[in-house]
Amino acid sequence: MNIYLLAVGNKMPSWVEQGYQEYAKRLTADCRLKLVEIAPGKRGKNADLARIKQNEGEKLLQAIPKGALVIAMEVNGKAWSTEQLAQQMDGWLHGGQDVALLIGGPEGLSKDCVQRADIKWSLSPLTLPHPLVRVLLSEQLYRAYSILKNHPYHR
């Protein structure tokens, strides 16, 4: 199974790259984490933020692999404990379906992305910076996977 992290933003700080890679490389062949970066729209003084968000959403939707389960990272989504995430991941692994996690840009996900999602998941009721979400998601996915594999990481 592949878990695609479809994220608006590129040219991340080195700590984001290092953090993401640290956990992504720990996952094994039966559960790979793959990052797909979506170029953000240009934001300036008089930028049309609604249009930029819509364009980013269209690019995210185009990047969803065929047949993937789509999960929108959304502040109003359902919060899962790590154990609940492990249960979700177990279902994904046994379902044989790839998963696409959608991470929006600074203004969040477009309404089309949220509507397209099969599941809406919230990491926190806090608004988190989208670069940090990459690191948090990769760590939590690895932690959930370690629970499923009885690896001591979670303890």
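Structure's up top.
Summarised in this report is the structure supplied together with it.

Parameters and conventions
- Residues numbered from 1 in each chain as written.
- Predicted model: local features only at pLDDT ≥ 70, side-chain atom pairs only at ≥ 80, totals over all residues.
- Heavy atoms only, no water.
- Helix = DSSP H or I, 4+ residues; strand = E, 2+ residues; numbered from the N terminus.
- Rg over C-alpha atoms; globule rule 2.2 N^0.38 Å.
- Buried < 20%, exposed > 50% of the residue type's maximum accessible area, 1.4 Å probe, protein only.
- Contact = heavy atoms within 4.5 Å.
- Areas by Shrake-Rupley, 256 points an atom, 1.4 Å probe, with all protein chains shown as cover.
- Pairing = 2+ DSSP bridges.
- Axes fitted to C-alpha atoms, helices over the stretch in contact; angles between N-to-C directions.
- Salt bridge = Lys/Arg side-chain N within 4 Å of Asp/Glu carboxyl O.
- Core = buried A, V, L, I, M, F, W, Y, C linked by side-chain atoms within 4.5 Å.

## Topic: the overall build of the chain
- Scanning the chain from terminus to terminus reveals five helices and five strands.
- Walking the chain from its N terminus toward its C terminus, one meets helices and strands in the order β-α-β-α-β-α-β-α-β-α.
- Taken against the 2.2 N^0.38 rule, which gives 15 Å for 155 residues, the C-alpha radius of gyration of the chain at 15 Å falls within 12% of a compact globule.
- Dimensions along the principal axes, computed over C-alpha positions, put the chain at roughly 50 × 30 × 30 Å.
- Going through the 155 residues of the chain one by one, you find that 44% of them count as buried.
- For the chain, restricting intrachain contacts to residue pairs at least 6 apart in sequence, the fraction spanning at least 24 positions comes to 83%.
- Within the structure as shown, the chain displays about 8200 Å² of accessible surface, and the carbon and sulfur contribution to it stands at 50%.

## Here we look at the sheet that holds strand S2 (residues 32-38)
- The parallel open sheet is built from five strands, whose spatial order is S2-S1-S4-S3-S5. In this open sheet, the two edge strands, each paired with only one partner strand, are S2 and strand S5 (119-122). Each adjacent strand pair in this sheet contributes to an overall mean axis angle of 30 degrees, direction not counted.
- Bridge analysis of strand S3 (residues 69-79) against S5 gives five bridges, and the strand direction is parallel. Looking at the pairing, Ala-72 lines up with Lys-120 of S5.

## Considering the environment of Pro-13
- Here Pro-13 shows up in the loop between strand S1 (2-8) and helix H1 (14-24).
- Since its relative accessible area comes to 37%, Pro-13 is described here as partly exposed.
- Taking the C-alpha atoms as reference, Pro-13 lies 26 Å from Gln-62; in sequence the two are 49 residues apart.

## Digging into the environment of Leu-27
- You can see Leu-27 is positioned in the loop between H1 and S2.
- Among the residues examined, Leu-27 registers a relative accessible area of 9% and is labelled buried.
- Considered as a pair, Leu-27 and Arg-143 are 116 residues apart in the sequence and their alpha carbons are 9.8 Å apart.
- Residues within four places of Leu-27 in sequence aside, it is in contact with Leu-33, Leu-141, Tyr-142 and Tyr-145.

## What about the pattern of salt bridges?
- According to the stated counting rule, one finds nine salt bridges in the structure shown.
- Between Asp-30 and Lys-149 there is a salt bridge, with its nearest N and O atoms 3.3 Å apart. Pair noted here: Asp-30 is in the loop between H1 and S2 and Lys-149 is in the segment after helix H5 (130-148), with a separation of 119 residues, a long-range link.
- Judged by its relative accessible area of 32%, Asp-30 falls in the partly exposed class.
- Its salt-bridge partner being Asp-118, residue Arg-116 comes within 3.7 Å of it at the nearest N-O pair.
- On the basis of relative accessibility, which here comes to 36%, the residue Arg-116 falls in the partly exposed class.
- One salt-bridge network, in which partners are shared between bridges, spans Glu-22, Lys-25 and Arg-26.

## Side note on the nonpolar core
- Ranked by size, the top nonpolar core spans 28 residues in total, and within it Ile-3, Trp-92 and Leu-101 carry the most contacts.
- Among the elements that take part in this core, H5 stands out by supplying six residues, more than any other.
- Ignoring anything within four residues of it in the chain, the contact list for Ile-3 reads Cys-31, Arg-32, Leu-33, Lys-34, Met-89, Trp-92, Val-99, Leu-101 and Leu-141.
- If you look at the next biggest cluster of nonpolar residues, it comprises 15 residues, including Val-8, Ala-68, Ala-72 and Val-114.

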